[in-house]
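Spelled out, the chains give:
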Protein chains: 2
Amino acid sequence: MNQISGQHLINGLWVGEPNGGFSSFDPERNEPLPWHFCDASTGELEAAVNAADCAFMEYRLWSAEQRAQLLEAMAEAIDALGETLTRVATRETALPEARLNGERGRTCGQLRLFARQLREPKQPAIIDLAQPDRHPLPKPDIRLDHLPLGPVAVFGASNFPLAFSAAGGDTASALAAGCPVVVKGHPAHPATTELVARAMLAAMEKVGAPRGVFNLLQGQSPRLSQDLVRAPAIQAVGFTGSFKVGQVLSQIAAGRPQPIPFFGELGSLNPQLLLPEKLEQDAEALAEQQHGSMMMGQGQFCTSPGLVLMITGAGGERYLTRLSNLIEQQGPGTMLTPGIARAYAESADQLISSEGVTLVTQGQPCTQANQSRALVASCRGDTLLANPDLLEEVFGPCTLVVTFDGREQLLQAIRTLPGQLTASVHGSEPEMQDERTLVMELAYRVGRLIANQMPTGVEVCHAMQHGGPWPASTHSQSTSVGAEAIKRFTRPLAWQNLPQSLLPQHLSDRSTTPQLRY
Amino acid sequence: MNQISGQHLINGLWVGEPNGGFSSFDPERNEPLPWHFCDASTGELEAAVNAADCAFMEYRLWSAEQRAQLLEAMAEAIDALGETLTRVATRETALPEARLNGERGRTCGQLRLFARQLREPKQPAIIDLAQPDRHPLPKPDIRLDHLPLGPVAVFGASNFPLAFSAAGGDTASALAAGCPVVVKGHPAHPATTELVARAMLAAMEKVGAPRGVFNLLQGQSPRLSQDLVRAPAIQAVGFTGSFKVGQVLSQIAAGRPQPIPFFGELGSLNPQLLLPEKLEQDAEALAEQQHGSMMMGQGQFCTSPGLVLMITGAGGERYLTRLSNLIEQQGPGTMLTPGIARAYAESADQLISSEGVTLVTQGQPCTQANQSRALVASCRGDTLLANPDLLEEVFGPCTLVVTFDGREQLLQAIRTLPGQLTASVHGSEPEMQDERTLVMELAYRVGRLIANQMPTGVEVCHAMQHGGPWPASTHSQSTSVGAEAIKRFTRPLAWQNLPQSLLPQHLSDRSTTPQLRY
């Protein structure tokens, strides 16, 4: 596998000596892989940020069509990595081939969606026309534009080696917005990241992009991450990861001499609210859906459903029985990294040793290192209300089922839920209408409210919202998935009284794209 | 003036004993006014925030039409205050009647604009339609909504007793978004604020609004402001004021256990770039425009033009001569508060005693307390480049004219400008085309780029952007003026697979408002 250099990509060149760095790791075989990586130095970090800053001068002048071509060329080059990419990523993450092929499809689909969005914007530009004769004062001509913010720092996520890493949603939306990127690759899959970055570099060269428009730094020290957020030229951050790290970096971003927006997605329990009639009717089917969704990616999705809310009753008992049967038969699975496997075991242990929490059932025991064993626990509503720590995410295949004495107690619990990425409500249309108060309360706690579907499988589309009230994300007013994600990396600018020839094309009177004129 | 109680408005009631509080002050006569105000206690602060939080439960269910009626009723009630309001505000601020009547018109116009925006939304809702037969996976139905954030803290500004205070842009946009408000009135015009709040309460009662939807706290202690930003139920902050205070409060907002967005507008120098040919041609007219704009409101506008950039030449000399002549004849004017008058005198002194800065001319000397004397200073481009402190705002009627040796030096200075609310470029269309690089560089430093007009007089319309890169505002991605300001106080929510009967009207298939369907 001689194409893995272990180096950083800075201003179009692969640089860095892999001394004293770190190795890629195979979590399934529990052994290092033969790929060694440099830990980026302060000088390399500065060079990468500087390259992005210089590239911005040119890249911000690129037309939407030019940016679309870059994104498409990247998608094409990543698609062309084919089996090589899957093979390397499988070894680094223990994720199955089918999942990785699907994730590659999603990653490239995302780049292409953003390219289409650039080519054919459907949301109208906002324009106020002049009224020179207005009394007492004339009204000026004002047209609302959106400028790219500048260089963006992107942090690769452990659980999406493709879709939230080098060419993931944050990078794609930043590049679409007109912002150069410095990616800090996740040390859980550095070879995968390098392969993708090589494809992206080839695409940049193909379309003649500024050389510093995409840069990659490898490394595993927390200091590298912190220094990247501190770097003065960085103007925004895209992050997907743990609450702990996200919290630290977000505070750094806010405390800089020039504070910058930090778009962090920090995780979620994704509550499943099972309404009584539906539960009575479909207990077994609901349990099967829960099992399927919680086991996807061995529970390592940010939208993995980790909390089930229901009112005590016969339906609930049938649900628990069916879910237990399925989980009992569930074999162990390898986690993304030894650290994630360890954290899962610890937080699952903590959950089931909490007062009032019962271990309902566990999956088959682990047989190898870095595996996790699925788990279902339960508690009563008053236990949950008395102990908010039970609402901390257990990252992995774990579900806590909470049974409430009645509607009022359930409502109270929903009102104290911390912010979530998603929640689902399972119920018939009439039952949801009757329980509209519960549904609305839940909506105010989440970024996406789902009826009768599971939360895993985030659709990359125009209306998607992926994010939610704190602590699900650090910035509830933006999304990290879908076409709206591009807006995060722009800011509004009003052009007042500008001659037509100086206006950007989409704001001029000759524009062929949609305009809303007032 | 027995209608001034000096109390706080909390949950629809006037409460608080005016013991140990503060008095309203007449800056023109330099004496206290006969109106005494309570300093809000911790208990009163908590009661106001709690009232807003309780009101949110009901107010968030209000339709756009209901909110529009509330805003219109408020506009009507404030209009009806008529001469009484002007008389009180004039005494508290020393602003002329015509200005205050204009500001009342703007304030009410803003409330009515937001009401129209709610009634007839023109920007389309974003909808992804389901594709149940899509392979390999079906596509769900996803519709993008925007929910109000919750209770908003609003800080009244010293320099806009009406348009950025109790019923100002922050309050109007928060109420339009569906968020209750707790206003901390500015101690420079507490009686004015109380009068407006009385009108707002009458409007709330008229339309049957929840009693805690608008609350007013009076006070002058920094602790009250800080505690308001810290209050757990507060979900966002609207602020217009000084860099120093904005910086402190913004850090508190970011450091809360749950960080919240802080929308602060902190001021600006509003550079005026005079292109050489235009300057040569119209030197005198440009100087007259500068004089008119810098003297508006005695220089106490956030968009007051305090910096002029030009290339050395004969036009520049004529410009300075004409500006000097006008300023020499300029009488002194009373500032909004003794503190603002003192700060102006100090920062103006500091500016003209800086190395390399020349005092060009001053207006007529002050004859009374709390007045300010207009001032024009100048320096060379290299002086400015060597001393970034010269780019700190002098809040008041002061202009620094900087002459550059040539285009390259000017470009360099623009690249080092801190973020600004606005900048103007004065030049013919062909000259601006030739200097497109300068224009674009300037655009990247500002929130509004103006051609051949002065920055004062911010149009309240749909395409307006009032805000800019830090430190002009703490949140460059939002505006505090114009219809787009409403969005600050909402966050996106995606509804997935919801039955039609549970969708909000504007997202349902029966909607009559615009939708963009993918």
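Shown above is the structure to which this text applies.
The shown structure was predicted, so the numbers you read here are calculated from the model rather than taken from an experiment.

Re helix H5 (residues 190-207) of chain B
Residue and element names in this part refer to chain B.
Reasoning step 1: Across its 18 residues, H5 extends 26 Å between first and last C-alpha, which sits within 8% of the 26 Å expected from 1.5 Å per residue.
Reasoning step 2: For H5, the buried fraction is high: 14 of the 18 residues fall into the buried class.
Reasoning step 3: Downstream of H5 by a residue or two, Gly208 has a phi angle that is positive, lying close to 75°.

With respect to the pairing of strand E3 (residues 22-26) of chain A
All names here are of chain A.
Reasoning step 1: Pairing of E3 with strand E4 (residues 31-37) involves four bridges; the strand directions are antiparallel. Within E4, the residue paired with Phe25 across the bridge is Pro32.
Reasoning step 2: Where E3 folds back onto E4 in an antiparallel hairpin, the turn is made up of four residues, including Asn30, whose phi is positive at roughly 55°.

A closer look at the relation of the copies chain B and chain A
Reasoning step 1: Screw-axis analysis of chain B against chain A gives a translation of 0.0 Å along the axis, an RMSD of 0.0 Å, and a rotation angle of 180°. Such a combination of turn and shift is consistent with a two-fold rotation axis. Across chain B, the rotation axis passes nearest the C-alpha of Ala254 of chain B, at a separation of 3.2 Å.
Reasoning step 2: Looking at the interface residues of chain B, 100% of them are also at the interface in chain A, so both copies use one shared face.

Notes on the sheet that holds strand E20 (residues 446-451) of chain B
Reasoning step 1: Read across the open sheet, the eleven strands follow the order E22(A)-E5(A)-E6(A)-E21(A)-E20(B)-E19(B)-E12(B)-E13(B)-E18(B)-E17(B)-E15(B); overall the sheet is mixed. Each edge of the open sheet is held by one strand with a lone partner, namely strand E22 (515-517) of chain A together with strand E15 (358-362) of chain B. For this sheet, the mean angle separating the axes of adjacent strands, direction not counted, is 25°.
Reasoning step 2: As defined by bridge partners, strand E12 (residues 272-274) of chain B adjoins strand E19 (residues 420-426) of chain B across three bridges and the pair is classed as parallel. Along E19 of chain B, the bridge assignment pairs Gln272 of chain B with Ser424 of chain B.
Reasoning step 3: The sheet contacts of helix H9 (residues 314-328) of chain B involve strand E13 (307-311), E15, strand E17 (375-380) and strand E18 (398-404) of chain B, and relative to E15 of chain B the element is tilted by about 45°.

Thoughts on the sheet that holds strand E19 (residues 420-426) of chain A
Reasoning step 1: Ordered in space as E15(A)-E17(A)-E18(A)-E13(A)-E12(A)-E19(A)-E20(A)-E21(B)-E6(B)-E5(B)-E22(B), the eleven strands form an open sheet in which the pairing is mixed. Looking along the sheet, the strands with just one partner apiece sit at the ends: strand E15 (358-362) of chain A together with strand E22 (515-517) of chain B. Within this sheet the neighbouring strands show an average axis-to-axis angle of 25°, counted without direction.
Reasoning step 2: Direction of pairing for strand E5 (residues 125-128) of chain B relative to strand E6 (residues 142-148) of chain B: antiparallel, over a ladder of two bridges. Within E6 of chain B, the residue paired with Ile127 of chain B across the bridge is Arg143 of chain B.

So, how was this worked out
- Residues numbered from 1 in each chain as written.
- Chains lettered and ligands numbered in written order.
- Predicted model: local features only at pLDDT ≥ 70, side-chain atom pairs only at ≥ 80, totals over all residues.
- Helix = DSSP H or I, 4+ residues; strand = E, 2+ residues; numbered from the N terminus.
- Expected span 1.5 Å × (residues − 1).
- Buried ≥ 20, exposed ≤ 12 C-beta atoms within 10 Å, placed from the backbone.
- Pairing = 2+ DSSP bridges.
- Least-squares fit on C-alpha atoms with pLDDT ≥ 70 in both.
- Contact = placed C-beta atoms within 7 Å.
- Axes fitted to C-alpha atoms, helices over the stretch in contact; angles between N-to-C directions.

Read these as spatial facts, not as claims about activity.
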